[in-house]
Amino acid sequence: METVEQVNKRHLSDRDTTSSTSIFLCILIVVAVIARFFVAFNYEVNWDEFYYLSFVHRFINGEVINSFQTFHIHFFTWLSGVSDNDVDQIIVARVVMVFFQLLTGFYLYKLCRLYCSKSAALFAVLAYFSFVYNVRMGASFRTDPIATCMIMAALYYVFSTTFSWRVSILAGVLTAVALLVTLKTALYIPTFIGIVLTSLYWSRNRKRYFRQVLMYGVAILVAFAMLYSWHYFSIHGASSVGDAGTMFGAADKTLNQRELFPRLFYFVHSVSTNSWYWLALFIGIGTAVYACFSQKLLSRESSIKFLCLSLLLFTLLFYRNAFPYYYAFMLAPVSALFAVAWVGIQNFTNARVAQFFNFIVPCLFAVSIVVNGFVLPIKSNLAYQRQFLDEVHKIFPQPVAYIDRCSMVPTFSKQGFFMSTWGYEDYIARNIPVIRNAIEQDNPAFVLVNSHYLDVFGPDKTDKGLLRQDIQALRQNYIHHWSHLYVAGKTFELTPNSLSREVKVNIEGVYTLEASNSLLINGKVWLAGQARYLARGVYELASKEPGKVVLRWGDNLYRPRNLEEKQRLFTGF
């Protein structure tokens with residue numbers, strides 16, 4: 001005898017659209033997948049992607065890293081053998097992330113098929129793959145695509161209510177990996193609890209279901225403890241107490257916001273560019289609410305479970321880091337409601353309206369795919385970033401310490417702080433001149449001005465938000481070398497009235513004298529164009545003739561020809 005859900009599913013299939021509609025949706029999904037690969041190979045690299053790659057190289061180099069949210073390094077240690085160019089390494093990593101996205105779409109489809117027709121499930125996948133931020137950042141080199149895939153697989157098994165003990169353990173392991181990869185996976189907890197409680201209430205064998213859910217929970221705890229311990233000891237990380245403090249500090253920073261809807265701007269932008277997405281989503285939510293009370297199309301149990309998926313939308317009201325890349329993580333389960341919207345349109349409207357919806361809305365989704373997946377990556381491409389890093393590696397054939405925004409040269413040792421909005425807020429709150437301290441202790445050979453905070457060089461530059469001591473340290477210890485790169489050095493004028501001066505060197509290394517005449521350094525001759533090693537300390541420089549004097553770090557350091565390059569390294573989300 002058929003269950004209520006089986007009857008509903010058969011009923012929906014009977015009233016489903018023709019196979020040509022399913023083929024049409026499949027074609028658009030294929031285009032969306034092609035767009036994913038096009039984005040992976042062409043779209044500008046975001047600062048976060050360099051940051052996550054830097055953890056991989058620090059692990060490879062045996063450096064001490066924090067074990068908090070760095071589990072992804074074990075998936076990508078092979079990247080160092082792909083290419084010497086860091087951008088190329090990120091491109092290959094993005095291709096891996098595309099496959100994680102495809103698996104996410106697969107589990108979204110499987111989840112929708114539990115209660116909805118084939119076309120409805122395909123429509124949900126297309127909607128998710130076409131969302132403006134997901135097209136551009138859904139497969140970027142961040143931890144989110146991995147966690148999203150893992151948690152969607154676990155969510156599918158929980159949603160189905162028919163999992164065995166083996167599946168319970170597997171789902172628990174996947175959930176644990178998602179939590180290790182990124183703490184924001186915990187935002188899914190209310191959704192999981194709602195689905196589990198709903199299924200338990202309507203379960204025909206509550207004891208058996210409870211045992212399976214309990215096994216799932218135990219599997220999460222055991223897998224998390226085992227995998228975290230392995231990760232912690234494999235990276236020689238900081239103390240576990242420090243990791244716990246970092247975790248609780250991160251939770252407080254991202255969740256304890258006094259501001260309602262902290263990233264409202266990005267939501268408004270998505271509504272203005274993807275209004276049809278949000279309209280169709282709210283049709284799905286409305287259909288699920290109606291089905292919950294009327295028990296038409298869907299049973300009360302299944303409609304409530306679908307509504308539990310929409311709980312993730314409320315995270316936008318308080319989650320601090322709801323930047324564009326967060327939407328690909330958050331909307332994966334929410335997009336299942338598009339299948340409900342498809343069902344509602346097919347069953348509660350006349351044939352003409354349904355046909356209009358079946359064609360126009362997918363076409364609008366296709367517009368988003370084309371614009372964000374093909375047009376924008378051509379406009380904001382990564383060619384300059386790749387060329388820039390090629391030149392950086394020519395300037396510095398061997399790794400050196402440096403200062404920048406986000407570890408843009410991941411194989412080198414970055415000093416200072418990660419200049420995200422979060423990192424900057426912590427920097428200001430601590431009120432410690434970390435850049436000055438890094439210059440004095442870690443010998444950074446150059447600065448990449450890839451953040452407006454670091455754009456402090458030149459007479460026309462004003463303070464950009466760094467502490468006064470840090471701005472002063474940057475201006476006193478670095479000179480312009482090429483494009484956005486400033487190298488350790490000194491520049492000054494010797495005048496007829498002052499043919500000698502004291503120079504303090506804070507960054508030791510080989511320096512080249514660039515001057516029209518030779519100098520005396522502590523009484524010894526230093527010829528123009530000659531390179532010599534300078535340790536930290538104060539030096540007396542003197543000349544017989546006036547003129548400009550430049551001390552540049554390195555032995556006649558290579559300078560690329562395109563010195564007037566003004567293109568930006570990052571243009572934002």
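Caption draft 1: Representation of the environment of N381 within the structure. Inspection of the secondary structure assignment puts N381 in the loop between α17 (351-379) and α18 (383-395). With a relative accessible area of 31%, N381 lands in the partly exposed category. Measuring from C-alpha to C-alpha, the distance between N381 and E44 comes to 4.6 Å, with 337 residues separating the pair along the chain. With residues up to four places along the chain from it excluded, the contact list for N381 reads N42 and E44. At a separation of 3.0 Å, a polar atom in the side chain of N381 contacts the main-chain carbonyl oxygen of I378.

Caption draft 2: Examining the sheet that holds strand β8 (residues 519-521) more closely. Taken together, the four strands give an open sheet; going across it, the order is β6-β11-β8-β9, and neighbouring strands pair in antiparallel fashion. Strand pairing shows two members of the sheet lacking a second neighbour, β6 (500-505) and β9 (524-526), which therefore form its edges. For this sheet, the mean inter-axis angle between neighbouring strands, taken without regard to orientation, is 35 degrees. Bridge analysis of β8 against strand β11 (residues 537-542) gives two bridges, and the strand direction is antiparallel. Bridge pairing in β11 places I521 opposite L541.

Caption draft 3: Fine view of the state of the cysteines. By the definition in use, this model includes zero disulfides. Left unpaired, C116 is separated from the closest cysteine sulfur, that of C112, by 6.1 Å. The thiol of C363 is unpaired, and the distance to the nearest cysteine sulfur, on C26, comes to 15 Å. Judged by relative accessible area, C363 falls into the partly exposed class, the value being 26%.

Caption draft 4: Representation of the nonpolar core within the structure. Ranked by size, the top nonpolar core spans 186 residues in total, and within it F306 and F396 carry the most contacts. For this core, the element with the most residues is helix α7 (residues 144-160), which contributes 13 residues. Not counting chain neighbours up to four residues away, the residues in contact with F306 comprise L111, Y115, C116, F159, L298, A336, L337 and V340.

Caption draft 5: Broad picture of the environment of Y209. Topologically, Y209 is positioned in helix α10 (residues 206-235). On a C-alpha basis, the gap between Y209 and T161 in space is 7.7 Å, while along the polypeptide they are 48 residues apart.

Caption draft 6: Quick look at the confidence of the model for the protein. Here the protein averages 89 in pLDDT, and 91% of its residues register 70 or above. Across residues 10-17, where pLDDT falls below 50, the model places 18 contacts with residues more than four positions away in sequence or in other chains.

Calculation rules
- Residues numbered from 1 in each chain as written.
- Predicted model: local features only at pLDDT ≥ 70, side-chain atom pairs only at ≥ 80, totals over all residues.
- Heavy atoms only, no water.
- Helix = DSSP H or I, 4+ residues; strand = E, 2+ residues; numbered from the N terminus.
- Buried < 20%, exposed > 50% of the residue type's maximum accessible area, 1.4 Å probe, protein only.
- Contact = heavy atoms within 4.5 Å.
- Polar contact = N/O pair within 3.5 Å; in protein donor to acceptor, adjacent residues only side chain to side chain.
- Pairing = 2+ DSSP bridges.
- Axes fitted to C-alpha atoms, helices over the stretch in contact; angles between N-to-C directions.
- Disulfide = S-S within 2.5 Å.
- Core = buried A, V, L, I, M, F, W, Y, C linked by side-chain atoms within 4.5 Å.
- pLDDT = per-residue confidence, 0-100.

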